[in-house]
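Residue strings, one per chain:
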Amino acid sequence: MSAPERPASSMPTSAFVRAALVRPGGGLLFQADSQRRDLINESSTRSELVALLTFLVKRGHVIEITAIKADHHDDSSLGVAPLCEGTHAHGWAADCWPLASHTAGDYLDAAHPRFQAFLFDCARAPYLKQIGLAGSAWTPANRHASGATVFEDGGGDHAHLGTHETKSA
Ligand SMILES: [Zn+2]
């Protein structure tokens, strides 16, 4: 994104940022329309998740979303009520896989250095709570790139990116 500098009085609103994030060619590809709807709806997903994903696409990563909220099982029990930070059910998390191009399904190999570069950027992204690696993503090199928050996630190949309320260093 290369928006011109704006005076403080007209900083982009959250709705603006959400719309920019989900626009075609904006760096996110969606496996289901519900994922786009969840990200554009501020009552469905947290602004912290939007900020994290925006950070990643601004770093040049192209990301295929595999689950957000409506298309994910209820994982509320993995969080601490009432916020349940880090969970899909409460709008804090995205499951995804980085792509080699803007073509849906052009998945980076889990052993590719660009995959590790993606995880490295996830690890230092704002509001990151945890990185989960599932399936073929769970490798020593990817664990190393993900850093201290990494855990082995269940299910098919994906990376889980969970956020929390407090901005990390
Ligand atoms: Zn997940």
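Up top you'll find the structure we're talking about.
Rules used in this analysis
Residues numbered from 1 in each chain as written. Predicted model: local features only at pLDDT ≥ 70, side-chain atom pairs only at ≥ 80, totals over all residues. Buried ≥ 20, exposed ≤ 12 C-beta atoms within 10 Å, placed from the backbone. Helix = DSSP H or I, 4+ residues; strand = E, 2+ residues; numbered from the N terminus. Arc of directions from axis to C-beta. Axes fitted to C-alpha atoms, helices over the stretch in contact; angles between N-to-C directions. Parallel < 35°, antiparallel > 145°, perpendicular 65-115°, else oblique. Left-handed = near helix turned anticlockwise from the far one by under 90°. Contact = placed C-beta atoms within 7 Å. Nonpolar A, V, L, I, M, F, W, Y, C, P; charged D, E, K, R; others polar. Expected span 1.5 Å × (residues − 1). Pairing = 2+ DSSP bridges.

Draft legend 1. Quick peek at helix α2 (residues 33-40). Among the residues making up α2, those that are buried are Gln35, Asp38 and Leu39. Seen along its axis, α2 keeps its buried residues to an arc of 95°; they face one direction.

Draft legend 2. Region of interest: the packing of helix α1 (residues 14-22) against α2. α2 packs onto α1 with a crossing angle of 160° between their chain directions and a minimal axis gap of 9 Å. Taken together, the axes of α1 and α2 lie roughly antiparallel to each other. The chirality of how α1 crosses α2 is right-handed. Two secondary-structure elements touch here, α1 through Arg18, Ala19, Leu21 and Val22 and α2 through Arg36, Leu39 and Ile40. Residue composition of the contact of α1 with α2, by class: five nonpolar, no polar and two charged.

Draft legend 3. Focus on helix α3 (residues 47-58). Given a rise of 1.5 Å per residue, twelve residues ought to cover 16 Å, and the 16 Å separating the end C-alpha atoms of α3 matches this to within 8%. Turning to α3, its buried residues are Glu48, Leu49, Val50, Leu52, Leu53, Thr54 and Leu56.

Draft legend 4. Representation of unusual backbone geometry. In this structure, Pro82 follows Ala81 across a cis peptide bond, with omega equal to 5°. Along the polypeptide, Pro82 turns up in the loop between β2 (62-67) and β3 (93-99). Even without glycine at this site, Cys84 takes up a positive phi of about 50°. Position of Cys84 relative to the elements: it lies in the loop between β2 and β3.

Draft legend 5. Structural view of the sheet that holds strand β1 (residues 28-30). In space, the six strands of this open sheet follow the order β1-β2-β3-β6-β4-β5, with mixed pairing throughout. Looking at strand neighbours, the two that pair on one side only are β1 and β5 (151-152), the edges of this open sheet. Of the strand pairs in this sheet, strand β4 (residues 128-134) and β5 are connected by two bridges, and their pairing is parallel. Bridge pairing links Gly132 to Phe151 in β5. The sheet strands contacting helix α4 (residues 113-123) are β3, β4 and β6 (158-163), and the helix crosses β4 at an angle near 155°.

Draft legend 6. Expanded view of the packing of α1 against α3. For the pair α1 and α3, interaxial distance at closest approach is 10 Å and the crossing angle is 50°. Classed by the angle they form, the pair α1 and α3 counts as oblique. Along this stretch, α1 crosses α3, giving a crossing that reads as left-handed. Between α1, through Ser14, Val17, Arg18 and Leu21, and α3, the contact on the second element is made entirely by Ser47, Val50, Leu53, Thr54 and Val57.

Draft legend 7. Representation of the pairing of β3 in the model. The buried count for β3 comes to seven of seven residues, which makes it a mostly enclosed element. Here β3 shows two buried faces, one formed by Ala93, Asp95, Trp97 and Leu99 and the other by Ala94, Cys96 and Pro98. With five bridges connecting them, β2 and β3 associate as antiparallel partners. Opposite Ala67, over in β3, you have Asp95 as the bridge partner.

Geometric values such as these leave the question of function open.
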